[in-house]
Amino acid sequence: MISHIRFPIWMICWMGMILLSCHKQDQSPSASDHLPSANNQAPGASAHDLLSDSPYNTLQVEIAYMPDVAPDAQAIQQLQTFLETYLHKSAGIHITMHQIADAGQSTYSLQDIMQLESRYRTAFTTGNQIAVFILYVNGQYTDAQVLGITYRNTSVCVFAKTIHDNSGGIGQASRTSVEATVLEHEFGHMLGLVNLGSPMQMPHEDAAHPHHCNNQHCLMYYQTETSDLFGFLIGSPVPALDSNCVHDLEANGGK
Ligand SMILES: [Zn+2]
Ligand SMILES: [Zn+2]
């Protein structure tokens, strides 16, 4: 049976607006202890460093994926184009991918995701390079409707099984479109949108949905419950950033 589960666009990110603090008292280091401080900050904290050419003139995007949910090549190409459109990185934007073991869970909590990052992340911010880590898990989030989360300044998790299960079929949005939308939307949060590290040049934050744009046609819109990302994308291109969001990026060192 084909199920038509509706996923509101506002669920695509459940961004870690939570400041992640370490309360673990046991002997083993916590997941966050393994990350250098440059990569262990709140979402949006590196917006300027990601957008501008100084102090980092190159961006390394590392994607670690579980078997059966390898990234869609066209979605990755669209992400590359998106980044080249808005980021000043004179020494280049490089996206690399490597497969990791399937952790075998049907559901991943934020703590699970942080531990996987700690185990598998190899690229960090150093020298003239700023690094971003994107984890593709073959499972769902503790909230099954969430497609992606931005949980640190340079860390994103994509719930690729949820995407696979609900796209690419007859009458469904293309997997490329859904995956590209999730990747670009989450990157938008790391770039400081909306009011999350890239100061607003004009007020456009959705008062009811913090850190999202009030333009329903914008990539950074937090869509109403009656709308639906997968349905929304059928026959439509990936939503673009609107002028208010672009202006915020430009004002914070982007282009
Ligand atoms: Zn969001
Ligand atoms: Zn916008």
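Heads up: the structure comes first, above all this text.
Criteria and cut-off values
Residues numbered from 1 in each chain as written. Chains lettered and ligands numbered in written order. Predicted model: local features only at pLDDT ≥ 70, side-chain atom pairs only at ≥ 80, totals over all residues. Heavy atoms only, no water. Donors = N, O, S within 2.8 Å, 3.2 Å for Na, K, Ca; no water. Tetrahedral: all angles 85-135°; square planar, octahedral: opposite > 155°, others 65-115°. Buried < 20%, exposed > 50% of the residue type's maximum accessible area, 1.4 Å probe, protein only. Salt bridge = Lys/Arg side-chain N within 4 Å of Asp/Glu carboxyl O. Helix = DSSP H or I, 4+ residues; strand = E, 2+ residues; numbered from the N terminus. Pairing = 2+ DSSP bridges. Right-handed = clockwise from strand over helix to strand, strands pointing away. Core = buried A, V, L, I, M, F, W, Y, C linked by side-chain atoms within 4.5 Å. Contact = heavy atoms within 4.5 Å. Axes fitted to C-alpha atoms, helices over the stretch in contact; angles between N-to-C directions. Left-handed = near helix turned anticlockwise from the far one by under 90°. Nonpolar A, V, L, I, M, F, W, Y, C, P; charged D, E, K, R; others polar. Polar contact = N/O pair within 3.5 Å; in protein donor to acceptor, adjacent residues only side chain to side chain.

Asker: Now, about the coordination of the zinc ion (ligand 2): what can you tell me, with residues and values included?
Answerer: On the protein side, the zinc ion (ligand 2) has Cys 213 (SG), Cys 218 (SG), Asp 242 (OD) and Cys 245 (SG) as donor atoms, found 2.2 to 2.3 Å from it. Note that the zinc ion (ligand 2) binds four donor atoms; their angles at the metal cover 100 to 117°, and the shape is tetrahedral. With a relative accessible area of 0%, Cys 213 lands in the buried category.

Asker: So what's going on with the pattern of salt bridges? Which residues, and what values?
Answerer: In total, this model carries four salt bridges according to the counting rule given. One salt bridge in this structure joins Arg 121 and Glu 117, with 2.8 Å as the shortest N-O distance. Between Arg 152 and Glu 117 there is a salt bridge; the shortest N-O distance is 2.4 Å. Placement of Arg 152 in strand E6 (residues 148–152) and of Glu 117 in helix H3 (residues 110–120) is noted, with a sequence separation of 35 residues between them. For the pair Arg 152 and Glu 117, a shared accessibility class is recorded, and that class is buried. A single salt-bridge network, built from bridges that share partners, covers Glu 117, Arg 121 and Arg 152.

Asker: Tell me about the pairing of strand E1 (residues 58–65), residues and numbers included.
Answerer: For E1, the tally of buried residues reaches eight of eight residues, placing the bulk of the element in the interior. Of the two faces of E1, both are covered, the one formed by Thr 58, Gln 60, Glu 62 and Ala 64 as well as the one formed by Leu 59, Val 61, Ile 63 and Tyr 65. Bridge analysis of E1 against strand E4 (residues 129–137) gives eight bridges, and the strand direction is parallel. When the bridges of E4 are listed, Val 61 appears paired with Val 132. The pairing of E1 with strand E2 (residues 93–99) spans seven bridges and is parallel. By the bridge assignment, Ile 63 is partnered in E2 with Met 97. In this view, the connection linking E1 to its parallel neighbour E2 by way of helix H2 (residues 73–86) has right-handed handedness.

Asker: How would you explain the nonpolar core if you had to name every residue and give the values?
Answerer: One finds Leu 59, Ile 134, Tyr 136, Phe 187 and Leu 241 to be the most contacted residues of the largest nonpolar core, which totals 65 residues. With seven residues, the top contributor of residues to this core is E4. If sequence neighbours within four positions are ignored, Leu 241 has contacts with Phe 82, Tyr 86, Leu 193, Cys 218, Leu 219, Met 220, Val 246 and Leu 249.

Asker: Go over the packing of H2 against helix H5 (residues 175–190) with me, naming the residues and quoting the values.
Answerer: Each pair of packed helices gets described by two things: the angle between the helix axes and the distance between those axes. The contact between H2 and H5 brings their axes to 8 Å, and the two run at 35°. With respect to the hand of their crossing, H2 and H5 are arranged in right-handed fashion. Contacts between H2 and H5 involve Gln 74, Ala 75, Ile 76, Gln 78, Leu 79, Phe 82 and Leu 83 on the former and, on the latter, Thr 176, Glu 179, Ala 180, Leu 183, Glu 184 and Phe 187. When grouped by side-chain class, the residues that make up the contact of H2 with H5 number eight nonpolar, three polar and two charged.

Asker: Any chance you could break down the environment of Arg 152 for me, citing the residues and the numbers?
Answerer: The exposure class assigned to Arg 152 is buried, which follows from its relative accessible area of 1%. Remark: the alpha-carbon pair of Arg 152 and Val 132, spanning 20 residues in sequence, is separated by 9.7 Å. Looking at Arg 152, its side chain comes within polar contact range of the side chain of Glu 117, at 2.4 Å.

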